[in-house]
Amino acid sequence: MSEAFLSHLSATLKDIEAAGLFKRERLLTGPQGGRIRVGGPKGAREAVNLCANNYLGLADHPDVIAAAKSAMDEFGFGMASVRFICGAQTLHRELEQAIARHLGKDDAIVFAACFDANGGVFEPLLDEADAIISDSLNHASIIDGVRLSKAKRYRFANSDMNELEDRLKEADSAGARFKLIASDGVFSMDGYVAKLKEVCALADRYGALVLVDDCHATGHLGEKGRGTPALTGAGGRVDIVTGTFGKTLGGGMGGFVAAAQPIVDLLRQRARPYLFSNSLAPPIAAGALKALEIAIEADDRRALLQAHAIRFRAGIEKAGFKVLKGETPIIPVMLGDARLAQDLAQALDDLGVFVAGFFFPVVPKGQARIRTQMSAALTTEDIDFAVSAFAEAGKSLGIV
Ligand SMILES: *Cc1c(COP(=O)(O)O)cnc(C)c1O
């Protein structure tokens, strides 16, 4: 091993550390939930969890666990193959048909993760004659997926409809054959909902397709959890929905693209992360399917989630913190400085509240924050406990 190379890497790591940008991973000693066990030097302790994407609290739902266990008995542990070589199981098809039905699309195709779905969706559908117009706050996996396609790339400032229109005109002037607008449904760092109705109106005017990545919405936002197309009223005008089973829908893993039949059919022929990667493990597919079934019927959990978001927002603002306005269960507490965000996260950790500081490069420099996320697995007492911990830690650090 080259010493020069290793010391080059060590220097980079030191720079990350010196800038206060080093990410440390903590270890849980039990299941994901509203209250979790966090390992530490003095042993594991309990904490109220405000940083999982476990919006409906299905990650340790007994029925999801039971479905996964019985699928393991019936279908085994692993698939040990890609689908076009060795086939999929009936489970995988059921999962695809169920998510497609839920989102009102002809069909869906399941990937190992939404990162793979986004990585694989653009390249087969569009080529150098086409244009992709992407929101500046889109998830890293969309950015990478767009880079992997040969289409011409355009970017517009987050939810800026004037810029989007300018980019559509530019793409037209450049002679684009097909144009696709790509947007997150919920921008995960800010919790903002995309202006999908306006996006779709522009798409109509300029004859563009619309793709929405609804990872932070499918299952918990919109009527019956149909996500941001339902929430915003854009509905079926959104041509392609990508999403995950790794968040609200059980939090296991797996991603999907739901769309019109020819789109899904072509992705099955050409999407590289689908063709050259293993199928979801049977227990994971069965757990996701059960989680979807539960989520569709879970109006009670969606109502609780929303009530928590309202209560936490009000409490934290009253305590003197600056939060971004919004209507989703993502509530970013803005701190500015990366070190301050880390210090507050540490102080909250000591008080039994599990949060994560977000800073560059995940969010822009100077916009460090603690992104809190509500969950139906939390109780009202948990929310109040978390608000008082924020107030106490904020005072001790001179933030409020
Ligand atoms: C979480 C997330 C992904 C990645 O999903 P995985 O299934 O975990 O790979 C993609 N896009 C967005 C917007 C996300 O929030």
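You'll find the structure just up there.
Residues numbered from 1 in each chain as written. Predicted model: local features only at pLDDT ≥ 70, side-chain atom pairs only at ≥ 80, totals over all residues. Heavy atoms only, no water.

1. Regarding the overall build of the chain
Counting its regular elements, the chain contains 15 helices and 16 strands. For a compact globule of 400 residues, the expected C-alpha radius of gyration is about 21 Å, and the chain comes in at 22 Å, within 12% of that figure. The principal-axis extent of the C-alpha atoms belonging to the chain is close to 60 × 55 × 55 Å. When the 400 residues of the chain are sorted by exposure, 51% land in the buried category. For the chain, contacts bridging at least 24 residues in sequence account for 70% of all contacts bridging at least 6. Per element, the accessible surface of the chain, about 17900 Å² overall, is 54% carbon and sulfur. (Helix = DSSP H or I, 4+ residues; strand = E, 2+ residues; numbered from the N terminus. Rg over C-alpha atoms; globule rule 2.2 N^0.38 Å. Buried < 20%, exposed > 50% of the residue type's maximum accessible area, 1.4 Å probe, protein only. Contact = heavy atoms within 4.5 Å. Areas by Shrake-Rupley, 256 points an atom, 1.4 Å probe, with all protein chains shown as cover.)

2. Considering the side chain of S188
Within the secondary structure, S188 is located in the loop between β7 (186-187) and β8 (192-193). Those residues in contact with S188 that sit more than four places away from it in its chain are H216, I330 and R371.

3. Details of the environment of Q346
Among the secondary structure elements, Q346 is positioned in helix α14 (residues 338-350). Taking the relative accessible area as the measure of exposure, Q346 reaches 43% and is therefore partly exposed. Sequence-wise, Q346 and P282 are 64 residues apart; in three dimensions their C-alpha atoms are separated by 38 Å.

4. Details of helix α10 (residues 261-270)
The periodicity of an α-helix, 3.6 residues per turn, causes residues three or four places apart in sequence to face the same way. Along α10, the positions that sit buried rather than exposed are I263, V264, L267 and R268. Seen along its axis, α10 keeps its buried residues to an arc of 135 degrees; they face one direction. Opposite its buried face, α10 presents the exposed residues P262, Q269 and R270, each directed more than 90 degrees away. (Arc of directions from axis to C-beta.)

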